[in-house]
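Descriptive analysis of the structure
In case you want the letters, here they are:
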Amino acid sequence: MKKAIIGLVAGMLIGSAGMAAAATTQTVQAALAKFTFSVDGQKQTLKNDPLVYKGTTYLPVREVAEITGYGLEYDNTKKSIDLKSKGGNTVNESQVENSIDSGEWISAKKLVEDHAVDVSADSGKIRDITFELGDKKIIFSMPGQLVNDQYTSVDGLHTAVVKDGTIYLSKESASYLGISF
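Report on the accompanying structure. What you see is a predicted model, and the numbers here were worked out from it, not measured in a lab. (Residues numbered from 1 in each chain as written. Predicted model: local features only at pLDDT ≥ 70, side-chain atom pairs only at ≥ 80, totals over all residues. Heavy atoms only, no water.)

**Here we look at the sheet that holds strand 12 (residues 149-152)**
To keep things clear, this is the line we draw: Two strands make a pair as long as DSSP finds a minimum of two bridges between them. Strands are runs of DSSP state E lasting at least 2 residues, helices are runs of H or I lasting at least 4, and numbering of each runs from the N terminus. Axis angles are defined between N-to-C directions and span 0 to 180 degrees, where every axis is a line fitted to C-alpha atoms and, for a helix, only to the segment in contact. We call two residues in contact when some of their heavy atoms are within 4.5 Å.
Ordered in space as 8-14-13-12, the four strands form an open sheet in which the pairing is antiparallel. Unpaired on one side and paired on the other, strand 8 (105-107) and strand 12 mark the two borders of the sheet. Geometrically, the sheet is characterised by an average inter-axis angle of 30 degrees between neighbouring strands, direction not taken into account. Pairing geometry for strand 8 and strand 14 (residues 166-170), over three bridges, is antiparallel. Within the sheet, the bridge partner assigned to tryptophan 105 lies in strand 14 and is serine 170. Docked against the sheet, helix 3 (residues 108-115) engages strand 8 and strand 14, running at close to 75 degrees with respect to strand 8.

Structure below.
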């Protein structure tokens, strides 16, 4: 009889522990979905399918961060995810100094005012900055909040520098647009 009572109590404890664990774990039903995913009009391929739950699509954050040019830091102890701007395509950080050499660089403002270059930018966390004069065009992808750094154009042929919120184009790249110095 003693063994039966001990077995019954042990069974109840194990059963209630399982019920307590089940009571704190929430189960949801979601569906995997196939979507066309693009960034700035360029089609991207996700390795993992997004989830759809109650009409909301959940994307794999690490993949989206990589596609949009952000670094991802995950802290399991704090249960936090931090997306950090990578600052574009760094060419040579040592060339971004305290002062800009006007013999090598020209500001976007001067290009517009003195040389009628059309400088435009689309909006977003990563944006394309376009320098255009006549039929010549140079495009740079930069973080939405400009970061002091040197950037390479999308085609890999030209350089620009951001210093204290001002964009400077290399005079060599400005020459490509048809500007003589």
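**Brief notes about the side chain of serine 153**
For clarity, the cut-off: What qualifies as a polar contact is a pair of N or O atoms within 3.5 Å, subject to a donor-acceptor requirement within protein and to the restriction that residues adjacent in sequence count only when both atoms come from side chains.
As for its position among the elements, serine 153 is in the loop between strand 12 and strand 13 (159-163). Reaching out from serine 153, the side chain makes a polar contact with the side chain of aspartate 155 at a distance of 2.4 Å. The contacts of serine 153, once residues within four sequence positions are left out, are Ile138, Ile139, Phe140 and His158.

**Remarks on the environment of glycine 144**
Heads up, the rule is: Summary of the burial criterion: residues with accessible area below 20% of their type's maximum are buried, those above 50% are exposed, and those between are partly exposed, where the area comes from a 1.4 Å probe applied to protein chains only.
Of note, glycine 144 is situated in the loop between strand 11 (136-143) and strand 12. Taking the relative accessible area as the measure of exposure, glycine 144 reaches 21% and is therefore partly exposed. Between the C-alpha atom of glycine 144 and that of glycine 124, which follows or precedes it by 20 residues, the distance is 5.6 Å. The contacts of glycine 144, once residues within four sequence positions are left out, are Gly124, Lys125, Ile126 and Arg127.

**Details of the side chain of serine 107**
Along the polypeptide, serine 107 turns up in strand 8. A relative accessible area of 14% places serine 107 in the buried class. Within the local environment of serine 107, its side chain forms a polar contact with the backbone nitrogen of lysine 110, the two atoms lying 3.0 Å apart. Setting aside its immediate chain neighbours within four residues, serine 107 contacts Thr166, Ile167 and Tyr168.

**Quick notes on the sheet that holds strand 5 (residues 56-58)**
Read across the open sheet, the three strands follow the order 1-4-5; overall the sheet is antiparallel. A single partner strand is all that each edge strand has here, and the edge strands are strand 1 (31-32) and strand 5. In this sheet, strand 5 lies alongside strand 4 (residues 51-53) in antiparallel orientation, the contact comprising three bridges. Across the sheet, the residue bridging to leucine 51 is tyrosine 58, located in strand 5.

**Here we look at the pairing of strand 10 (residues 126-133)**
Of the pairings in the sheet, the one linking strand 9 (residues 118-121) to strand 10 comprises four bridges and is antiparallel in character. Pairing of alanine 121 across the sheet is with isoleucine 129, part of strand 10. Between the end of strand 9 and the start of strand 10, which pair antiparallel, lie four residues, with glycine 124 showing a positive phi angle near 135 degrees. Pairing geometry for strand 10 and strand 11, over eight bridges, is antiparallel. Within strand 11, the residue paired with arginine 127 across the bridge is methionine 142.

All we've got here are geometric facts, nothing functional implied.
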